[in-house]
Amino acid sequence: MILPGARLGLLGGGQLGRMFVISARTMGYHVTVLDPDAGSPAAQVADRHLAADYDDERALEKLARDCAAVTTEFENVPAASLAFLAARVPVRPGAKAVAIAQDRAQEKTFLRDNGFATARFALVGDAAALESALRAVGSPALLKTTRLGYDGKGQARVDDFGMAQQAFAALGGVACVLEERVALEREISVVLARGASGEVRAYPVTENRHRDGILDVSLAPARVTEELRTRATALATAIAAKLDYCGVLAVEFFVCQDGCLLVNEFAPRPHNSGHWTLDAAATSQFEQQVRALCGLPLGDPRVHGAAAMVNLLGDLWQGANAPAWERILCHSATKLHLYGKPEARPGRKMGHATCLGETPEDVLKSVLRLKMDLGIP
Ligand code: AMP
């Protein structure tokens, strides 16, 4: 066990890293953040910051030397950097799981090869592969870059071959996955923690609504049947086991209109749809990340009630003017979290707010009212 007083390393400096650092420091750990941006959200709260690129061997060497263990807050850290670190210091989750999650082609193939149902898909390595991919997948479809896509970026709708060609060119002609566009009844996710010994603690299934490809609202517990809840949790647990995973894993699912449950993708880190655990669970997803990283027993994931989280995007800012925070702060059962990002840009996640209450219906009502008060469409 790595105990408080030790130094932990974190790759990445975004809001997920910031919330990890806050949890770790609350528990008495020191944290070094490696991230190129000097003012990043995580660097602001870490007690040491290495401002360097993720493939800077000298910085990686220093991180390995100074820290008892290293984790990551985003999946696009070069797998080679994780492997470099892993040769020197425990890295959790491991390079293999992160490498799979950072590449849609590898991720989909992993899921298919291990018997996890996904939307129909085909790999598109080059333009010549488009026609047969479209024939295999059918339309409507979505063309998604295999790497570096997030929040709906790096993907385009495809209805026919002409659109597929245009979309492939517009996405830069890079390797893509063509995916059947499924008729969604709703989207859900399972966030869980898995310890080095294989122990798993899952949070209640969360229901997610997106706007323009970006998560808008998460609602926990999801309003789905007990059977679906159990199935999704079992699938997420099985994926974590197949990956021999250690850390916090988030698995996103599509619940289709015809009743089937498909895995969309997974993230090898805490997830936006688990932010509500900060305020509504005995142990947050970030504390679980610390616990899994340090080889501590996982915390109790039990929840105090229902929670609905809304993301606060940069669109809410008018120039340098922040939103009227008193519209959030006047609610005694709503919690505000801001990430310290200096510049608001449309679509940029600046913070979130979580409404707490007794039932999913109650908190959904509260969060919809809050959105209206803030002018979020
Ligand atoms: P992704 O980045 O792949 O998670 O996609 C972002 C969002 O786009 C998802 O959360 C869905 O709302 C939507 N989406 C992605 N893929 C599909 C699909 N195959 N069928 C229907 N909707 C999708």
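All values derive from a computational prediction rather than experimental measurement.

**Observations concerning the domain arrangement of the chain**
According to the domain assignment, the chain contains domain 1 (7-91), domain 2 (120-180) and domain 3 (184-374). Put simply, the middle of domain 1 and the middle of domain 2, counted by C-alpha atoms, are 34 Å apart.

**Section: the sheet that holds strand β1 (residues 7-11)**
Two pairing modes exist for strands in a sheet, parallel and antiparallel, and in both the strands are linked by backbone hydrogen bonds. Strand order in the open sheet formed by 4 strands is β3-β2-β1-β4, and the pairing between neighbours is parallel. The outermost strands of the open sheet, each flanked by one partner alone, are β3 (48-50) and β4 (69-72). Direction aside, neighbouring strands of the sheet carry axes that sit 25° apart on average. As paired elements, strand β2 (residues 30-34) and β3 share 3 bridges and run parallel to each other. Counterpart to Leu34 in the pairing with β3 is Leu50.

**Comments concerning the packing of helix α1 (residues 15-26) against helix α11 (residues 285-294)**
The geometry of α1 relative to α11 is characterised by a closest axis approach of 8 Å and an angle of 70° between their N-to-C directions. On the basis of the axis angle, α1 is roughly perpendicular to α11. Classified by chirality, the crossing of α11 by α1 is right-handed. Between α1, through Leu16, Met19, Phe20, Ser23 and Ala24, and α11, the contact on the second element is made entirely by Phe286, Glu287, Gln289, Val290 and Leu293.

What counts, and where the lines are drawn
Residues numbered from 1 in each chain as written. Predicted model: local features only at pLDDT ≥ 70, side-chain atom pairs only at ≥ 80, totals over all residues. Heavy atoms only, no water. Domains from an automatic or database assignment. Pairing = 2+ DSSP bridges. Helix = DSSP H or I, 4+ residues; strand = E, 2+ residues; numbered from the N terminus. Axes fitted to C-alpha atoms, helices over the stretch in contact; angles between N-to-C directions. Parallel < 35°, antiparallel > 145°, perpendicular 65-115°, else oblique. Left-handed = near helix turned anticlockwise from the far one by under 90°. Contact = heavy atoms within 4.5 Å.

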